Every structure is written in structure tokens, then in C-alpha cells.
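One letter stands for each residue in the lines below.
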Amino acid sequence: MRTVDPVKHAFQRQAVLAAARACFMRDGFHRTSTEAIRIEAGTSSGKLFHYFPNKKAIILAVVEDQSRQTASWMESLRRQPQFPAALAAFLDGILHLASDPGERRLILEIAAEGARDADVAAASMAGDRLLEEGLAALLRDATARGQAHPLIPTDHAVRFLMVLVDGIFSRVAVDGNFDPMAERAALTTVIRAIFGIDATDRDA
């Protein structure tokens, strides 16, 4: 039996996922075929199906990969020594994603597919929980250090941020003139007020 090189296997699998992401960003889930992904990845059908048995498996892997990136991002934000800077980085990250046509389409495609497929919905909800748990930990840490004094309980404050994220992507999906980055100053003012961050604090 041939020995599988785990590093090479992981690299080639990620190459297929990167190709799939590019196709999904460009054409959406349902207009993208496995053949299109194969061509984008520059690989053979045999290798493609070695890693993923069908397109749904690729979609699920893309969603799960998004979740891993979310978890890593939230961990990096928790390592920020100052909460105002971490909160500003979080907002900037969301606004950047919403402003990027490809990333925006992929996120909206995941949301739409979740309404049609229970497995995608479950994978997407798992990612949402990672984001929610990461924000809750970030806020608890900041409150314990005296860097945040939220006007509402932690769980409500976290849900506010989750609703804010959903609202940004919903607005950009229906309003072609909506510029997420143009809202940064106003959103920052509102968020700082809700989280009890002094307006004179220069760390955000």
C-alpha cells in the first residue's frame, strides 16, 4: 500500500478548496460544476474526487474552512492587549469582507444554501457559534480588565454585534449603493457607546 504524505495531502486538498472558493465567488454554488473546480485547480477528476466525493462535500469543506478561519481570527483578537483596538479590528474585518465582492458573495451563498440544505445550515451555525463564543470571551476579558463597561448584559451585547454583522451583509445584498466602509465612523461611535469605551481612548 502506498504511503500518503500528510503534508502533501493537506496542501493539495487546500488547493482544491482555494479553487472552489474562487469559482463560488465568481459564479455561485449552483452555477459551479465540479468540472469547473477541477479546471480552476489544475488537477484531474480522479484527484478531485479523491479529496471530495461530490460538490456538496466541497461546499461543506469550504464552510468548515471559513469556521476555522473565524476561530483563528477571534483568538488573535483576544491576544490584543487593548479591547478598543480589538473591537476596531473586528469591525474593520467585517466591513472589509462586506466590501469585497467575492467574499461577500461567498458569505451570502453560504447563507442561501443553508436555507436549502440542513447539513450546510448546521455547518454554518457551527461557525456562527464560534464567532459568538469568541466575541463573548473577548468582552468578558475586557470587562474583567476594566477596558469595557457595556450598557447591557454581555449576552445581549454579543447578540447586538451578531445582529450588526448580519445587518451589514443583508443591506449590502439588497442595496447596490451601500458602501460598508463609509459607515465605519458612525458604527464605531455607536459600538463604543454601547460597550462603554471612553471617547478619548486612542486605542481604537
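Quick note: structure is the one above.
Worth saying up front: this structure is predicted, and the values here are computed from it rather than measured.

Undergrad: Describe in detail the packing of helix α4 (residues 55–78) against helix α7 (residues 118–144), supporting the description with residues and values.
TA: One can describe the packing of α4 onto α7 by two numbers: an axis separation of 9 Å at closest approach and a directional angle of 0°. Our classification of the angle between α4 and α7 gives roughly parallel. The residue inventory of the contact of α4 with α7, partitioned by class, reads 14 nonpolar, five polar and four charged.

Undergrad: Please provide a residue-by-residue account of the environment of leucine 151, values included.
TA: Position of leucine 151 among the secondary structure elements: in the loop between α7 and α8 (154–174). The spatial distance from the C-alpha of leucine 151 to the C-alpha of glycine 196 is 6.5 Å, given a sequence separation of 45 residues. Ignoring anything within four residues of it in the chain, the contact list for leucine 151 reads Ala193 and Ile194.

Undergrad: Lay out the nonpolar core with the relevant residues and their values.
TA: If you look at the biggest cluster of nonpolar residues, it comprises 32 residues, and the most contacted ones within it are Phe83, Phe90, Leu135, Leu161, Ile168 and Phe195. Contributions of two or more residues to this core are made by α4, α5 (83–99), α7, α8 and α9 (184–194). With nine residues, α8 is the largest single contributor of residues to this core. Those residues in contact with phenylalanine 195, other than ones at most four positions away along the chain, are Phe83, Leu87, Leu139, Ala148, His149, Pro150, Ala157, Phe160 and Leu161. In terms of nonpolar packing, the next biggest core, distinct from the first, is built from 22 residues, Ala19, Ile37, Ile59 and Leu60 among them.

Undergrad: Now, about the environment of methionine 74: what can you tell me, with residues and values included?
TA: Structurally, methionine 74 can be placed in helix α4. Given the relative accessible area of 3%, methionine 74 is considered buried. Residues methionine 74 and alanine 10, 64 residues apart in the sequence, show an inter-C-alpha distance of 23 Å. In this structure methionine 74 touches Leu130, Leu131, Gly134 and Leu135, once residues within four positions along its chain are discounted.

What counts as what
Residues numbered from 1 in each chain as written. Predicted model: local features only at pLDDT ≥ 70, side-chain atom pairs only at ≥ 80, totals over all residues. Heavy atoms only, no water. Axes fitted to C-alpha atoms, helices over the stretch in contact; angles between N-to-C directions. Helix = DSSP H or I, 4+ residues; strand = E, 2+ residues; numbered from the N terminus. Parallel < 35°, antiparallel > 145°, perpendicular 65-115°, else oblique. Nonpolar A, V, L, I, M, F, W, Y, C, P; charged D, E, K, R; others polar. Contact = heavy atoms within 4.5 Å. Core = buried A, V, L, I, M, F, W, Y, C linked by side-chain atoms within 4.5 Å. Buried < 20%, exposed > 50% of the residue type's maximum accessible area, 1.4 Å probe, protein only.

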